[in-house]
Amino acid sequence: DRILRTDPERHAIRRDALAACLKYGRYSDAATHADVLLKAFPGEPALWQQLGAAQAGLNQMAEARKSYETALTLEPGEIVGYQRLGQLVWRNFKDPIGAREVLNRMVKNLPQSADAHLIRARFEACTAEESDAGFRGDPALAVADLQRVLELDPEHAEASALLAELLQRDRKLPAALGVLRDAVSLHQKDLRLVRALSWLELSRGNTPAAIAVLEDGLRASPEGFDLLVPLADLLIQQGDTAR
């Protein structure tokens, strides 16, 4: 602040001040710095994003929405911009239909982005069992998006986990099993995937397979404490109390 009072044209310093104000929650100061910088650099999307964040922090939601929209108009390929705008529209404006439109626009502009499809899939899956002003998410669209993620990035662990969960909800257990087996073969140390596969095997009535999955997981991750309790439970069910 002292530097900028002496020399207001020190734009590099003002950028640092803007970032610091956002970090520490000084949103009014952040908005002031962003406004000054935008007079000098009106076509810079990142500044509009930062102004939008400051306005959201000040509970100026309509202004924040305009700032985020301006940023996307200037740079329609910026995935974070869609994510922030979608979150604002969904959570602050209570408008899931509007949020879906934002995310649809994101996927349309970034068709080759695995992250874009994953973000929309998360939204559709998250809202699938909710009802907000008559709105429900579309699990089928979420599944399609996750399958597209795995086409673009076959080793995407989070997409595999969520896809398997949605397939199980839809009682498509063989498909879910295939997804989890492929994912565990690629991510042997991902304890979340290992436990999900073991649970699915158990749900299918295949307790020996469920135990084998956990044992393989422990061989890959000897420190995998989270696998020991479910393995002990299954061994007790099998009568192997000593082990």
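Located above this text is the structure these notes cover.
Described in the following lines is the structure provided in the data block. Quantities reported herein were computed from a predicted structural model and do not represent experimental measurements.

Cut-offs used in this document
Residues numbered from 1 in each chain as written. Predicted model: local features only at pLDDT ≥ 70, side-chain atom pairs only at ≥ 80, totals over all residues. Heavy atoms only, no water. Helix = DSSP H or I, 4+ residues; strand = E, 2+ residues; numbered from the N terminus. Buried < 20%, exposed > 50% of the residue type's maximum accessible area, 1.4 Å probe, protein only. Phe/Tyr/Trp six-rings, centres within 6.5 Å; stacked < 30°, edge-to-face > 60°. Axes fitted to C-alpha atoms, helices over the stretch in contact; angles between N-to-C directions. Parallel < 35°, antiparallel > 145°, perpendicular 65-115°, else oblique. Left-handed = near helix turned anticlockwise from the far one by under 90°. Contact = heavy atoms within 4.5 Å. Nonpolar A, V, L, I, M, F, W, Y, C, P; charged D, E, K, R; others polar. Salt bridge = Lys/Arg side-chain N within 4 Å of Asp/Glu carboxyl O. Arc of directions from axis to C-beta. Polar contact = N/O pair within 3.5 Å; in protein donor to acceptor, adjacent residues only side chain to side chain.

1. Some points on unusual backbone geometry
Okay, so step 1: The phi dihedral of Lys94 falls on the positive side, at around 55°, and the residue is not glycine.
Okay, so step 2: Mapped onto the secondary structure, Lys94 falls in the loop between α6 (79-92) and α7 (96-109).
Okay, so step 3: Since its relative accessible area comes to 57%, Lys94 is described here as exposed.
Okay, so step 4: Positive phi is not limited to glycine here, since Arg171 has a value of about 60°.
Okay, so step 5: Here Arg171 shows up in the loop between α10 (157-169) and α11 (173-186).
Okay, so step 6: Taking relative accessible area as the criterion, Arg171 reaches 74% and is therefore assigned exposed.

2. Describing the packing of aromatic side chains
Okay, so step 1: For the structure on display, the rule yields two aromatic pairs.
Okay, so step 2: Measuring from ring centre to ring centre gives 5.0 Å for Trp90 and Phe123, while their planes differ by 85°; the resulting arrangement is edge-to-face. A residue pair is termed long-range when its members are at least 10 positions apart, and Trp90 in helix α6 and Phe123 in helix α8 (residues 114-126) qualify at 33 residues. Phe123 matches Trp90 in its accessibility class, with the two residues each being buried.
Okay, so step 3: An angle of 45° between the planes, with centres 5.9 Å apart, marks the rings of Phe123 and Phe135 as tilted. Taken together, the residues Phe123 in helix α8 and Phe135 in the loop between α8 and α9 (139-152) connect sequence positions 12 residues apart.

3. Details of the packing of helix α12 (residues 191-203) against helix α13 (residues 207-220)
Okay, so step 1: Interhelical geometry of α12 versus α13 gives an angle of 170° and a closest axis separation of 7 Å. Our classification of the angle between α12 and α13 gives roughly antiparallel. Judged by the sense of rotation from one axis to the other, the crossing of α12 with α13 is left-handed. Only Thr207, Ala209, Ala210, Val213, Leu214 and Gly217 of α13 make contact with α12, whose side of the interface consists of Val194, Leu197, Ser198, Glu201 and Leu202.
Okay, so step 2: Residues of the contact of α12 with α13, tallied by class, amount to seven nonpolar, three polar and one charged.

4. Section: the environment of Leu47
Okay, so step 1: Its location among the elements puts Leu47 in helix α4 (residues 45-57).
Okay, so step 2: In this structure Leu47 comes out as buried when scored by relative accessible area, which is 0%.
Okay, so step 3: Note: C-alpha distance between Leu47 and Leu18 (29 residues apart in sequence) is 9.3 Å.
Okay, so step 4: Excluding anything up to four places from it in sequence, Leu47 contacts Arg15, Leu18, Ala34, Leu37, Leu38 and Phe41.

5. Focus on the pattern of salt bridges
Okay, so step 1: The final tally for this structure, using the stated rule, is 15 salt bridges.
Okay, so step 2: Because the salt bridges share partners, they merge into one network encompassing Asp1, Arg26 and Asp29.

6. Remarks on helix α14 (residues 225-237)
Okay, so step 1: The complete set of buried residues in α14 reads Leu227, Pro230, Leu231, Leu234 and Leu235. Summarising the axial view, the buried residues of α14 lie within an arc of 140°, below the 170-degree limit, and thus occupy one face. Residues of α14 that are exposed and angled more than 90 degrees away from the buried face: Phe225 and Ile236.
Okay, so step 2: Those residues of α14 that are buried lie in contact with α12 and α13.
Okay, so step 3: Taken from the residues just after α14, Gly239 is the one with a positive phi, measuring 85°.

7. Regarding the side chain of His33
Okay, so step 1: In this structure, His33 sits in helix α3 (residues 27-40).
Okay, so step 2: On the basis of relative accessible area, His33 is assigned to the buried category, the value being 7%.
Okay, so step 3: There is a polar contact of 3.0 Å between the side chain of His33 and the side chain of Arg14.
Okay, so step 4: Other than its neighbours up to four places away in sequence, His33 contacts Asp1, Leu4, Arg14, Ala17, Leu18 and Cys21.

By themselves, these observations are geometric and do not establish any function.
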